[in-house]
Amino acid sequence: VEFVKANFGVDTLEEYEAQVREELKEEREAAILGEKQAGILTQLVDGATAIKYPEHVVEDYMFQQIDSARFYGAMYYGMEYSEFIPAALGISAYEYEAQVKESAEAAVKQEMAVFALYQAEGLEATAAEIEEAKQAFLDQYEAETVEDFCSQAGVSEEYFEKTVQFSLVFEKTINFLMERTTFTGAK
């Protein structure tokens, strides 16, 4: 009991058990919500057809992933990209880049589907919601200002604005779909 009092901020084993039960319940509810949102997103994307990807967007995604692998291999292992990928993943750099391209296209298709539904349904973020989302990013990364965040993260203010915008578009679109979807199965 003394251990529980000292480490978990409760006075009895019963309080500790109730606290653990509540935490497990919250974790399960969050997992179920995540599964529901992932399922909705999968259905949205699977039902969408990408006729044409925005110019250079897939390539930008690919560059970020491949550049990260180049940096990681050189920084931590002193290896060239063409050596690092086979050693780390067991596939050729060519095969890796094909996988990265597929992943990049899937990510861009997801963004396009989310934006398309957001626009088609006339969803909008208020100025207050935008400011709240910006503040949430700043709080999450313990930054005082947008300039501080951008400096710490090594990104431009334009990148920050687009990230906030997409997070709101994504949130509003998922919420819109969640409100209109009936789920069966896990409870």
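A brief look at the structure comes next.

Procedures and definitions
- Residues numbered from 1 in each chain as written.
- Predicted model: local features only at pLDDT ≥ 70, side-chain atom pairs only at ≥ 80, totals over all residues.
- Heavy atoms only, no water.
- 1 Å grid on protein atoms, 1.4 Å probe; cavity = no way out; pocket = protein on both sides within 12 Å on 5 of 7 lines; lining within 4 Å.
- Points joined across faces, edges and corners; volume = space filled by probe spheres on them.
- Helix = DSSP H or I, 4+ residues; strand = E, 2+ residues; numbered from the N terminus.
- Nonpolar A, V, L, I, M, F, W, Y, C, P; charged D, E, K, R; others polar.
- Core = buried A, V, L, I, M, F, W, Y, C linked by side-chain atoms within 4.5 Å.
- Buried < 20%, exposed > 50% of the residue type's maximum accessible area, 1.4 Å probe, protein only.
- Contact = heavy atoms within 4.5 Å.

**Overview of the layout of surface pockets**
Next, step 1: The calculated volume of the largest pocket comes to roughly 680 Å³.
Next, step 2: Forming the walls of the largest pocket are 15 residues, and the residues nearest its centre are V57, Y61, E111, Y159 and K162.
Next, step 3: Looking at the lining of the largest pocket, the elements that each hand over two or more residues are α3 (57–77), α5 (93–120) and α8 (157–179).
Next, step 4: Take the lining of the largest pocket: its biggest share by element is six residues, from α8.
Next, step 5: Residues belonging to the lining of the largest pocket are distributed by class as follows: eight nonpolar, three polar and four charged.
Next, step 6: Counted as a void, the second largest pocket has a volume near 180 Å³.
Next, step 7: Listing elements by their share of the lining of the second largest pocket, those giving two or more residues are α6 (127–140) and α8.
Next, step 8: With six residues, α6 is the largest single contributor of residues to the lining of the second largest pocket.
Next, step 9: In the lining of the second largest pocket, the residues fall into four nonpolar, two polar and four charged.

**So, the nonpolar core**
Next, step 1: Within the largest apolar cluster, 15 residues are counted, with the highest numbers of intra-cluster contacts made by L41, L44, V114, L117, F176 and L177.
Next, step 2: Looking at this core, the elements with two or more residues in it are α2 (13–46), α5 and α8.
Next, step 3: Considering every element that reaches this core, the biggest residue donor is α8, with six residues.
Next, step 4: Those residues in contact with V114 that lie beyond four places of it in its chain are L41, L44, F166, V169, F170 and T173.
Next, step 5: Grouped together as the second largest cluster of nonpolar side chains are 13 residues, V58, A69, A93 and A104 included.

**Let's talk about the environment of Y96**
Next, step 1: Tracing the chain through its elements places Y96 in helix α5.
Next, step 2: Each C-alpha atom of the pair Y96 and I66 lies 8.8 Å from the other, and the pair is 30 residues apart in sequence.
Next, step 3: Setting aside residues no more than four positions away along its own chain, Y96 makes contact with Q65, I66, A69, Y81, I85, L89 and I91.

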